[in-house]
Amino acid sequence: MVCAGAGARAAATLVWSLKLMTKNDQIGFATRAIHVGQEPDAETGAVSPPIHPTSTYVQQELGKNKGYEYARTSNPTRTRLEQNLAALEGGIAAPVFASGMAAINAICTMYKSGDHIVCGHNLYGGVPRLFNQVLVDFGLEFTYVDTSEPRNVERAIRKNTRMVYVETPTNPLMVLSDIAAISRVCRQKKVELVVDNTFMSPYFQQPIALGADMVVHSTTKFLNGHSDGLGGVVVCTRRDQVEKLKFIQKCAGAILSPFECWLVLRGVKTLAVRMEQHDRNGRFVADFLARHKKVKKVFYPGLPEHPQYELAQRQMGGFGAMITFETGSLSNAKKLLKRVRVCSLGESLGGVETLISHPATMTHAALGEKGRRAIGITDGMVRISVGIENVEDIIRDLDDALSAI
Ligand SMILES: *Cc1c(COP(=O)(O)O)cnc(C)c1O
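Before going into details, it helps to say that this report is about the structure given with it. (Residues numbered from 1 in each chain as written. Predicted model: local features only at pLDDT ≥ 70, side-chain atom pairs only at ≥ 80, totals over all residues. Heavy atoms only, no water.)

**Points about the overall build of the chain**
- In terms of helices and strands, the chain carries 15 helices and twelve strands.
- Expected size for 405 residues packed as a compact globule is a radius of gyration near 22 Å; at 22 Å, the chain falls within 12% of this value.
- Referenced to the eigenvectors of the C-alpha coordinate spread, the extents of the chain come out at roughly 70 × 50 × 35 Å.
- Counting all 405 residues of the chain, 53% fall into the buried class.
- Long-range contacts, defined as pairs at least 24 residues apart, comprise 71% of the intrachain contacts of the chain with a sequence gap of at least 6.
- Summing over all exposed atoms, the chain offers an accessible surface of approximately 17900 Å²; the carbon and sulfur share of this is 55%. (Helix = DSSP H or I, 4+ residues; strand = E, 2+ residues; numbered from the N terminus. Rg over C-alpha atoms; globule rule 2.2 N^0.38 Å. Buried < 20%, exposed > 50% of the residue type's maximum accessible area, 1.4 Å probe, protein only. Contact = heavy atoms within 4.5 Å. Areas by Shrake-Rupley, 256 points an atom, 1.4 Å probe, with all protein chains shown as cover.)

So this is what it looks like as structure tokens:
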């Protein structure tokens, strides 16, 4: 882009060949994560992609530029991240936004007043807040159903339904929805299926291959993986979606900064090894909790007693790091959370460090007691995002904390 020397040509050839290979699915996930959009700098050969902190771009003459005019519309560091994430999810483009919520809001602004959206009844807390307290005032209509049963989705679809919005697995109950089955319903009814793939990451779950029309992520979580920046992405499968979302980026401006794009580009290079370790640790911790006599119940799709274990094996390449367990009461949960030392008490998930939280008073407080009871969230539940520390240390920490109960 900057200089047309041999380096630039080599980089361009690499991009091109990687894109071709990605299309033909001949290139592995980890290789795509490390190389697509991560090509060395054409000017200097720097292995790490440059960050372009610029608001504008000098133009050669009137009507002639190098493909960039103003940084709200586009930025080279952002272009790299968008290419990378599209390649990881198997989409054609992946506009990125300032946060997961900004990405979800951008999707909703693709629709108009009078349009109806069917969504899961146990979504990430910020999503129903956006839908019920902001977007309803602009004439969008929402119906919440238990999407773990595809028939519920089919029944809720009306003449004005434009989108089905699904999160799988759900937070914190780890309930799965059958993406392929719901996508068949959506195809037949000509409704778009959008899947929030934040919990599994593209390493363990590929919603587009299962029939989703768009995939959304909070890159804040596993994609970045280091708990050092917010971000969101919408992976698209059709040209018209890309054009609309690029236009929304430019018009509404909730874009991701070049530095934050770079953080995700850097984080995503280790996504494959991180997810493998998250998954391995997750299985050990779930197994430990399932056998502990002070733990009443464990919610983890990798346990054979999970009611959707079969679907989990079919739909996901691993079971991931998210585990919820029942301690029996608020006071038990409090005692445990006060005692942990390796596990850090905090919201969020998907970082290298183990985070532990209390859904009823933290992430799901806004639902109210009645709302929580309706979907099965109790005061004794504790959620863990298992990190990639030595698993013995995480288990020893939990064992010690459980002894406080
Ligand atoms: C965190 C999260 C979001 C929101 O993302 P932000 O980056 O915090 O705005 C949406 N969906 C899921 C599943 C999440 O975990």
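**Description of the nonpolar core**
- In this structure, Leu85, Val285, Leu289, Phe325 and Ile356 are the most contacted members of the largest nonpolar core, which totals 64 residues.
- Residue contributions to this core peak at seven residues, all from helix α11 (residues 271–291).
- Mapping this core onto the domain boundaries places at least three of its residues in each of domain 1 (6–268) and domain 2 (271–402).
- Residue contacts for Ile356: discarding those within four places in its chain leaves Leu336, Leu337, Val340, Cys343, Ser344, Leu345, Gly346, Val382, Arg383, Ile384 and Leu398. (Core = buried A, V, L, I, M, F, W, Y, C linked by side-chain atoms within 4.5 Å. Domains from an automatic or database assignment.)

**Focus on helix α7 (residues 179–189)**
- Those residues of α7 that sit buried are Ile179, Ala181, Ile182, Ser183, Val185 and Cys186.
- One or two positions beyond α7, positive phi appears at Lys190, with a value near 55°.

**Observations regarding the site of the ligand**
- By nearness alone, 13 residues border the ligand, and Gly100, Asp196, Ser218, Thr220 and Lys221 come closest of all.
- In this structure, an oxygen atom belonging to the ligand sits 2.8 Å away from a main-chain N or O atom of Gly100.
- With respect to the ligand, the side chain of Asp196 contributes an N or O atom lying 2.7 Å from a nitrogen atom.
- In the complex, the protein chains occlude 94% of the 380 Å² of accessible area that the ligand would expose alone.
- For the shell around the ligand, the class distribution of residues is four nonpolar, six polar and three charged. (Near = heavy atom within 4 Å. Polar contact = N/O pair within 3.5 Å; in protein donor to acceptor, adjacent residues only side chain to side chain. Nonpolar A, V, L, I, M, F, W, Y, C, P; charged D, E, K, R; others polar.)

**Topic: the packing of α11 against helix α15 (residues 391–402)**
- One can describe the packing of α11 onto α15 by two numbers: an axis separation of 10 Å at closest approach and a directional angle of 25°. Classified by the angle their axes make, α11 and α15 are roughly parallel. The element α11 and its partner α15 pack so that their crossing is right-handed. Contacts between α11 and α15 involve Asn281, Phe284, Val285, Phe288 and Leu289 from the first element and Val391, Ile394, Ile395, Leu398, Asp399 and Leu402 from the second. (Axes fitted to C-alpha atoms, helices over the stretch in contact; angles between N-to-C directions. Parallel < 35°, antiparallel > 145°, perpendicular 65-115°, else oblique. Left-handed = near helix turned anticlockwise from the far one by under 90°.)

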